[in-house]
Amino acid sequence: MSSVAVCPGTFDPVTNGHVDVIERAAAHFERLIVACLRNVGKQPLFQLDRRVELLRSATDHLGNIEIWTFEGLLVDFCRQNDVGIVVRGLRAVSDFESELEMAQMNHRLAGVETFFVATSPLHSFLSSTLVKEVARFGGDVSPFVPPAVCDSLRAQFAANRSV
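Residues numbered from 1 in each chain as written. Predicted model: local features only at pLDDT ≥ 70, side-chain atom pairs only at ≥ 80, totals over all residues. Heavy atoms only, no water.

Tracing the sequence through the fold places F137 in the loop between α5 (128–136) and α6 (147–161). Sequence separation of F137 and Q104 is 33 residues, and the distance between their C-alpha atoms is 38 Å. (Helix = DSSP H or I, 4+ residues; strand = E, 2+ residues; numbered from the N terminus.)

So, on to the layout of surface pockets. In this structure, the largest pocket spans a volume of roughly 1,000 Å³. Lining the largest pocket are 43 residues, with P8, G9, T10, R88 and E99 positioned closest to its centre. The set of elements that each furnish at least two residues to the lining of the largest pocket consists of β1 (4–9), α1 (16–26), α3 (74–80), β4 (85–90), α4 (93–110) and α5. Per-element tally for the lining of the largest pocket: the top contributor is α4, with eight residues. Of the residues assigned to the lining of the largest pocket, the class counts are 19 nonpolar, 17 polar and seven charged. (1 Å grid on protein atoms, 1.4 Å probe; cavity = no way out; pocket = protein on both sides within 12 Å on 5 of 7 lines; lining within 4 Å. Points joined across faces, edges and corners; volume = space filled by probe spheres on them. Nonpolar A, V, L, I, M, F, W, Y, C, P; charged D, E, K, R; others polar.)

Turning next to unusual backbone geometry. Geometrically, the link from D12 to P13 is a cis peptide bond, its omega value of 0 degrees lying close to zero. One non-glycine residue, F11, lies in the positive phi region at around 55 degrees. With respect to the helices and strands, the residue F11 is situated in the loop between β1 and α1. With a relative accessible area of 5%, F11 lands in the buried category. Unlike most non-glycine residues, D82 shows phi in positive territory, near 55 degrees. Tracing the backbone through its elements, the reader meets D82 in the loop between α3 and β4. Among the residues examined, D82 registers a relative accessible area of 71% and is labelled exposed. (Buried < 20%, exposed > 50% of the residue type's maximum accessible area, 1.4 Å probe, protein only.)

Once that is clear, we can look at the pairing of β1. Two faces belong to every sheet, and in a regular strand the side chains alternate between them. The buried fraction of β1 is high, at six of six residues. Alternating residues of β1 divide into V4, V6 and P8 and A5, C7 and G9, and every residue in both groups is buried. Between β1 and its parallel partner strand β2 (residues 31–37), the chain crosses via α1, and the hand of that crossover is right-handed. (Right-handed = clockwise from strand over helix to strand, strands pointing away.)

Taken as a whole, the protein shows an average pLDDT of 93; of its residues, 96% reach a score of 70 or greater. The secondary structure element of the protein with the lowest average pLDDT is α6, at 89, and the one with the highest is β1, at 98. (pLDDT = per-residue confidence, 0-100.)

The subject of this paragraph is a nonpolar patch on the surface. On the surface, L73, M105 and L109 cluster together into a nonpolar patch covering about 290 Å² of accessible area. Looking at the element boundaries, L73 is found in the loop between β3 (65–70) and α3. (Patch = residues over 30% accessible without salt bridge, like charges linked within 9 Å, V, L, I, M, F, W, Y side chains within 5 Å. Areas by Shrake-Rupley, 256 points an atom, 1.4 Å probe, with all protein chains shown as cover. Salt bridge = Lys/Arg side-chain N within 4 Å of Asp/Glu carboxyl O.)

A few words now on the pattern of salt bridges. In total, this model carries 11 salt bridges according to the counting rule given. Across the salt bridge formed by R50 and E53, the nearest N and O atoms sit 2.6 Å from each other. Within this pair, R50 and its partner E53 are both found in helix α2 (residues 48–59), separated by three residues, close to a single helical turn. For E53, a relative accessible area of 43% puts it in the partly exposed group. One salt bridge connects D95 with R91, and the closest N-O pair in it is separated by 3.1 Å. Salt bridges sharing common partners tie together D140, D151 and R154.

Here it is as structure tokens:
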């Protein structure tokens, strides 16, 4: 039985939905690695080091969390770090199909198991994309993201408006 799991994501930015899944997963593993992805296929709003800072701020109350970064295939990260369990949050049925495909591929490639955590109904509608869109147009995202993320979004979009 493994006491280590990884919870991967781009976290651009981390939302209260992400934090919910991380907190709940952390309660079931001795160590939970929250792995922030440098995804070359995406143009993130926040640079990787800022996303890591925001993740640390949002999870610093959890003693068994480690924030790491990676790029490339998740299964390679798992192999290199001897992690056999991936934790993924599911917001809605629409997430399930693509998450299941990834879980099956990860298992086929490296024997990595995936544990799905259903996001709390309070956060099931949240996505980083939706939060960024609301913030971009000056909407209040404070109910949806940790305070440091809210401040960073305000600052980022205020800077963009002044250009």
